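As a plain string of letters, each chain reads:
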Protein chains: 4
Amino acid sequence: MKIYTIGGYEEVGKNMTAIEVNDEIVILDMGYDMEAVIEEDNEIEEMTTKDTIKAGAIPKDKEIHQKSDKVKAIVVGHGHLDHVGGVPKLAGSYDCPVISTPYTKKIIQRMVREDRKDLNNELVEMNTGERRKVSENIEIEFVNITHSIPQATMIVLHTPEGKVAYSLDYRLDKEPLLGDKPDYERMNELGEEGVKLFIGDSTRIDEEGAGSSEKTVKTELKHTLNQAYNEGGGVFVTTFSSHIERLNSIIDVNNGRRKIAFIGRSLKEYTESGEEIDLIDLSNIEVASYHNEVEDLMSKISRNKEDWLVVCTGNQGEPRSVLKRIATGDYPLEIKEGDHVIFSSSVIPSPVNRANRYKLEKVLKEKGARQYKDIHISGHALREDNRDMLRMLKPDNILPAHGDTEMLASYAKLAMEEGYDLNDNLFICQNGNVLEI
Amino acid sequence: MKIYTIGGYEEVGKNMTAIEVNDEIVILDMGYDMEAVIEEDNEIEEMTTKDTIKAGAIPKDKEIHQKSDKVKAIVVGHGHLDHVGGVPKLAGSYDCPVISTPYTKKIIQRMVREDRKDLNNELVEMNTGERRKVSENIEIEFVNITHSIPQATMIVLHTPEGKVAYSLDYRLDKEPLLGDKPDYERMNELGEEGVKLFIGDSTRIDEEGAGSSEKTVKTELKHTLNQAYNEGGGVFVTTFSSHIERLNSIIDVNNGRRKIAFIGRSLKEYTESGEEIDLIDLSNIEVASYHNEVEDLMSKISRNKEDWLVVCTGNQGEPRSVLKRIATGDYPLEIKEGDHVIFSSSVIPSPVNRANRYKLEKVLKEKGARQYKDIHISGHALREDNRDMLRMLKPDNILPAHGDTEMLASYAKLAMEEGYDLNDNLFICQNGNVLEI
Amino acid sequence: MKIYTIGGYEEVGKNMTAIEVNDEIVILDMGYDMEAVIEEDNEIEEMTTKDTIKAGAIPKDKEIHQKSDKVKAIVVGHGHLDHVGGVPKLAGSYDCPVISTPYTKKIIQRMVREDRKDLNNELVEMNTGERRKVSENIEIEFVNITHSIPQATMIVLHTPEGKVAYSLDYRLDKEPLLGDKPDYERMNELGEEGVKLFIGDSTRIDEEGAGSSEKTVKTELKHTLNQAYNEGGGVFVTTFSSHIERLNSIIDVNNGRRKIAFIGRSLKEYTESGEEIDLIDLSNIEVASYHNEVEDLMSKISRNKEDWLVVCTGNQGEPRSVLKRIATGDYPLEIKEGDHVIFSSSVIPSPVNRANRYKLEKVLKEKGARQYKDIHISGHALREDNRDMLRMLKPDNILPAHGDTEMLASYAKLAMEEGYDLNDNLFICQNGNVLEI
Amino acid sequence: MKIYTIGGYEEVGKNMTAIEVNDEIVILDMGYDMEAVIEEDNEIEEMTTKDTIKAGAIPKDKEIHQKSDKVKAIVVGHGHLDHVGGVPKLAGSYDCPVISTPYTKKIIQRMVREDRKDLNNELVEMNTGERRKVSENIEIEFVNITHSIPQATMIVLHTPEGKVAYSLDYRLDKEPLLGDKPDYERMNELGEEGVKLFIGDSTRIDEEGAGSSEKTVKTELKHTLNQAYNEGGGVFVTTFSSHIERLNSIIDVNNGRRKIAFIGRSLKEYTESGEEIDLIDLSNIEVASYHNEVEDLMSKISRNKEDWLVVCTGNQGEPRSVLKRIATGDYPLEIKEGDHVIFSSSVIPSPVNRANRYKLEKVLKEKGARQYKDIHISGHALREDNRDMLRMLKPDNILPAHGDTEMLASYAKLAMEEGYDLNDNLFICQNGNVLEI
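Residues numbered from 1 in each chain as written. Chains lettered and ligands numbered in written order. Predicted model: local features only at pLDDT ≥ 70, side-chain atom pairs only at ≥ 80, totals over all residues. Heavy atoms only, no water.

Peer 1: How should I be thinking about the interface of chain B and chain C in this particular structure?
Peer 2: It is common to give the size of an interface as the accessible area that goes away when the parts come together. Taken together, the contact between chain B and chain C spans 17 residues of the former and 17 residues of the latter. Taking both partners together, chain B and chain C bury about 1400 Å²; carbon and sulfur atoms supply 48% of that area. Inspection of the chain B/chain C interface yields four salt bridges. Residue C:K413 pairs with B:E406 through a salt bridge whose shortest N-O separation is 3.2 Å. The tally of links between chain B and chain C comes to twelve residue pairs in polar contact (both at pLDDT 80 or more). (Contact = heavy atoms within 4.5 Å. Buried area = accessible area lost by both parts, 1.4 Å probe. Salt bridge = Lys/Arg side-chain N within 4 Å of Asp/Glu carboxyl O. Polar contact = N/O pair within 3.5 Å; in protein donor to acceptor, adjacent residues only side chain to side chain.)

Peer 1: Explain the confidence of the model for chain A here, please?
Peer 2: A low pLDDT score tells you not to read the predicted coordinates there in detail. Of all residues in chain A, 98% have pLDDT values of 70 or greater, and the mean over the chain is 95. Listed scores for the predicted complex are pTM 0.95 and ipTM 0.94. (pLDDT = per-residue confidence, 0-100.)

Peer 1: Teacher, can you tell me more about the interface of chain D and chain A here?
Peer 2: Facing 17 residues of chain D, the contacting portion of chain A comprises 17 residues. Summed over both sides, the interface between chain D and chain A buries roughly 1400 Å², with carbon and sulfur atoms accounting for 48% of that surface. It is D:T405, D:E406 and D:Q430 that lose the most area in chain D upon contact with chain A, and together they represent 36% of the buried surface on that side. Counting across the chain D and chain A interface gives four salt bridges.

Peer 1: What is the right way to read helix α11 (residues 291-303) of chain A from this model?
Peer 2: Residues that lie three or four places apart on an α-helix share one face, since the helix turns once every 3.6 residues. Residues and elements named next belong to chain A. Here α11 spans 19 Å end to end across 13 residues, near enough to the 18 Å set by a 1.5 Å rise per residue. Three or more residues of α11 are buried, namely V294, L297, M298 and I301. Angular distribution of buried residues about the axis of α11 spans 100°; they occupy a single face of the element. The outward face of α11, more than 90 degrees from its buried face, is lined by the exposed residues N292, D296 and R303. Along its buried surface, α11 packs onto β13 (259-263), β14 (285-288), β15 (308-312) and α12 (322-327). (Helix = DSSP H or I, 4+ residues; strand = E, 2+ residues; numbered from the N terminus. Expected span 1.5 Å × (residues − 1). Buried < 20%, exposed > 50% of the residue type's maximum accessible area, 1.4 Å probe, protein only. Arc of directions from axis to C-beta.)

Peer 1: Before we go on, may I ask you to explain the relation of the copies chain D and chain A in this structure?
Peer 2: Relating the two copies of this chain is a rotation about some axis coupled with a shift parallel to it. Turning chain D through 180° and shifting it by 0.0 Å along the axis lays it on chain A, with an RMSD of 0.0 Å. Classification of the inter-copy transformation places it as that of a two-fold axis. Taking the C-alpha atom as reference, chain D places D:E406 closest to the rotation axis, 2.6 Å from it. Most of the interface of chain D is mirrored in chain A: 100% of its interface residues are interface residues there too. (Least-squares fit on C-alpha atoms with pLDDT ≥ 70 in both.)

Peer 1: Please explain the nonpolar core as it appears in this structure.
Peer 2: For soluble globular proteins, nonpolar side chains are generally found buried alongside one another. If you look at the biggest cluster of nonpolar residues, it comprises 118 residues, and the most contacted ones within it are A:M187, A:I199, D:M187 and D:I199. In this structure D:I199 touches D:Y9, D:T17, D:I19, D:V164, D:A165, D:Y166, D:S167, D:L168, D:L399 and D:A401, once residues within four positions along its chain are discounted. The next biggest cluster of nonpolar side chains, apart from the first, holds 117 residues, and it includes B:I138, B:L172, B:V195 and C:L197. (Core = buried A, V, L, I, M, F, W, Y, C linked by side-chain atoms within 4.5 Å.)

The structure is reproduced here in structure tokens:
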């Protein structure tokens, strides 16, 4: 078995791994790295594939591309850009289907549209709990896990040389509010059956302990919203647009007390995709995205701000987001003394995000708004969650991914604690390696 | 009105404040500072009052002592040592009652016993929600708040010059598991009636956001215990011995699955005091404190460790605690590969505690135990909780306490954000100041 | 004696303090706060005084302005913007001279020119070591200290009620490379004579130890430049434009090995002002500021980059600085694989600077340049330097300045260690307080 | 060529690597790990080799031991315990010489004595700059580098398969005060000749920039001592006992102003060894180690403390060190208000050291001593020094050592920046690996 560690082994971003067994290859994820383009004026949709690769934004798939005839499937675990963002650029040159859960498929479809390209690959839907043959020898299985976007999945490859479990981006939420909890039964079963290789998520490996539940965030949201409603004034919430579970919590917690507005392009797109497959109910929500729509809705809200709960984009303080532009006075809706701004998100740790949030918070403070921050939990497994996973799957070999070399090394330390030996059944790779086991 | 800032204005520890109005004085808290004696072999019970003061362990009450005839009452807010620990040393020289809630009274009684002294002061019980006249002009009111020990209270002094609210050590737990939630109604009412001075808790002022609920910790405890029980092996939990609410959560979460043992002197004492006033039910729990008792119970447990949940002292890694001594092999009960140790506490941030915990965790790791840490929330209000409190009470003047000068300054910054002016209606004092307002 | 704490008591920036004795007032510093305008597109030169005050960029001098007839002198300690930047906006409405050392005067003159205003105040030059009567009762003395700009001074006011020493922004460099070392003799003498009040610099109070010498930086610069010259390629250095001492070190350390170019507006202005009073010799240096000038010089350099040492603006990664624009390809001079970039500065800790530097460093890394960072020491006294100062001056009273409330509190803790008592002879004030001693 | 990564690849401590070429093996370093025994009462000298290995204190040499007939030499780079401490336990079972520089040899001899064992291995002295054949095919070369102990060396193995350069523990001090500066010429030459493998020092890889010079520390020491002498009172200095260069600086900087005492067992031993080979001149220094000697000297000093500069052990706050015991009043010499304590060392980052130093500093503060800390630079190469080294040696392959997995990974990131590829010509190993290149 050969493992091509194409992307995500030197950074958090642009994940891409390929597994080759008996001359058949399956590609796992095709992400892009937002950091790589953040400093430039380039809109990634406008860049050619070559330029995007050159900028370091998408994985260098050259080596695997030379064997493109062997590639039988591209399987995408969930809809975040660092897992799916490379599909519009790269998938077209492989003559094979792109397999994902329904919500992920909707995101792929939208990205292809925005990229103004045709993509000839068949987009195949598959639900967690299902299996599907993708070639003579390889079968794909989706095992339900939880993450901060709907319908994320662990991918299991059944091959003649054993099973490969790939679980980039997961957390173990024992009480999720949307979808089922992780399929512990199947994971334990896999551990009994034998897993030849596990590819694990290093993103939060350095955080001690085990992750909390989305239910906890909902409780915190409830107390925060109660506090804000008690004090009165305008109330603004911002979170990740693809975090449908969180948006549902906001709606629930509001409990009809105020009218709800969703404002911002990505918010509209992710939630409308979600509504199409019954993940969220937007029937009592006013959603605005285009300029006039936004202006009209804001004018309406500003006539009686205390009647509204405004959910909008801008949780990272992005300069052109709705929240930032409200704060700086670009819109008919104002933020003033006595208003409340709730950040149901954490700052993604990069100096640029920190500066953007700093500037936003500074303006909000000057305007006199009360701010509530970090009402959020990460979508990634913490150190003890990763240990739990290893103890369930009992893999023969471990390959940490989704981090830079030091984060992979930190994951390796955990595995060493659990009895694995570096360079024997535990591997630290970089982008472009080919590992044989 | 004169405020004597006797202790707790240059450290976290030895809290003591006195209020003088019309020649009548009420003393609020008489704590001692564990840090001050931690380095020495001194047992505080063996030290004279003078030595204790000299070592900096208890407040220098000289100035107020000179006016001891004016002192009408000593009021203690809750039973933690930094609030009550000075009583056996200092209270005796004031001819007045010591007023507290019942659980705090039990702790005072035990401390006096351990100090091998007589204390002539009457120990007066008063419940939250009650008021009591303590002198011609001053009335005391207890307003229910939540903390990490039972029956903690905000103290309100009703004086001819206005009300003083004193709330050292509180958090705003909207869903407590023992006792009532904070008396929001009364606090808001006090805000309407007018509060001349508020003395607030700076301990966690530097932590952003609002505190979570004990209920959240219980959920985390449940998941952790489930995980440990699923993996099998011995399970040990350690937490603060006076945190009866937490101990109840542990009992609840165990839900009869294993027999429970409580081992350690302080654990026995705090819980038995609690049981006497129906705060905890020990009827199905084996409690051991003295050496033989402990050895016998441990021998019994070691015969079938998987049948037991062992709750013991040692959450800070204290060298002579039960957990540390089990870990280092001092007892018939061992910790081995496959066992679990749950720290339902955080490390109190001092280099000595950090080193003790480091040593304990190192031994536990060598023995092969799986460790779960920080399953805990602080008993103190975070920054936004403190803001909530200020918005409820709307005090005319603010005096931050329970911290060193920089922590008081950080609280002052919060108050400045809320419109207060330093040296006008907001004051940073040091131990030994007399503030007139 | 009344002390008006007008600015710099809640932030690092916009320093301004006034001392009133017997109906005569002297103003010390008039700074502005770069942070306050950094987020906005406003150029401070274009803003009215009122707007600048409103934006929080310059001190609110309303209270002292009402007594403007009593103001006898404005004394400025050195030429950094947080001490002198408010002069063009505020000084004009006081009918009194502005007194400073010669280099500071040149900076004031340039700022007034850029502000396109007339300033009627007489600009009086005074050297360190000199004294001057400014009113019937008050005499000003300049005592030499060291800082990261030439001709910085401690200001001493001799008043009928005692001496006030004001030393915002100083470090104790025992081996400075430009100007004399701090006037220890005079400071000790002042301590003997008696100082009624000392106003001290809290900026770096939280850094343990004592500051190092500029001579140390020069040694480090030498080793770095040697390393870069040995490896070959283009060499770029960036530092603070007003840090003439550092620029001299760079010239010295180059020791004629390469031709030197100074590129950037502020670099030209600060160094030319310095040359006029013999602080730096630019005769062998090519200085460019205006666009064509810059382009021409760069074209020349790019013909043989290895012959040149390029000193340019951009040490904070400022988006429009010369270094950033070279890095992003805006100029005929390029940075490539094998080139060296030396940051003889530290990042001024603000999220915006951090993001700017991050972006710059990212581009430089992509281009393949080797980067050398933090070849610098702070211009501010560290904790032990501040203690040294207190032990020399032995002031009766201490007023920490140049920081937010927590930094002032940290300075207060140092003073408390040295035997001072808060609210007795040690004071924590906020902007707008009037302190009587 | 086979490389056995025996110790130091999962921790800072117990360094041991072996190189096998053509059936001949050379062992590089045999250290022990102080952390592993620090928590226990074990004195390492009293423990058997087996117990020491079991405790994790010395490397597991089993695999190489099975080939002990092939081992031709044990080469030790310098005298710190993490490089030489395992020699008394492990070297005896290899029938080959132990090769080192003279000062290292003296330390080995003392350790063997203390271990109360015979060691039959020949102890061979070799100076830096020299080469020596150790077997048919392998020649050893010592290349001068700088470190915080005298006569540290880079070890180069000349083998039929190419050169191996091993440089654990070095810094690049361009202006050392004892011994020569690093042999840049030879290192560059080695780079030209070709180095097959470089084993590099990861200890400080995470610190940006390049290290400063010991000369800088001497300047700082001078200013500190001047300050202390000016203030008067007793003056105590503590540093690492084996840091002869630093001790010389202290003597120089004192410049005859006060009489000097060296007090403490390790201080006596390391300096007397140094004096025997002319590294330090103790003729004007009073050295005391045994109890009576110490008491007598202290009594003498205490009669006129201001005449003396006391250098003593205890820089990490060790509970039984001389400084700690003076501070706690165990000796006739006291530390009082007005005295000075200079820590010419940094705290080795472990919670136990931090707690020890915390306790020591707390006592010193209570006694009223002024403390000066961190007058020190690390003995290890920082990130840019490591880059310089790679650019000089241009090795074909790189193996980071002297750190845990994450530190090795951080070194690997540096190497990747310099063009190396992980798992191709750059390797992250763990203890017990065998790498073939």
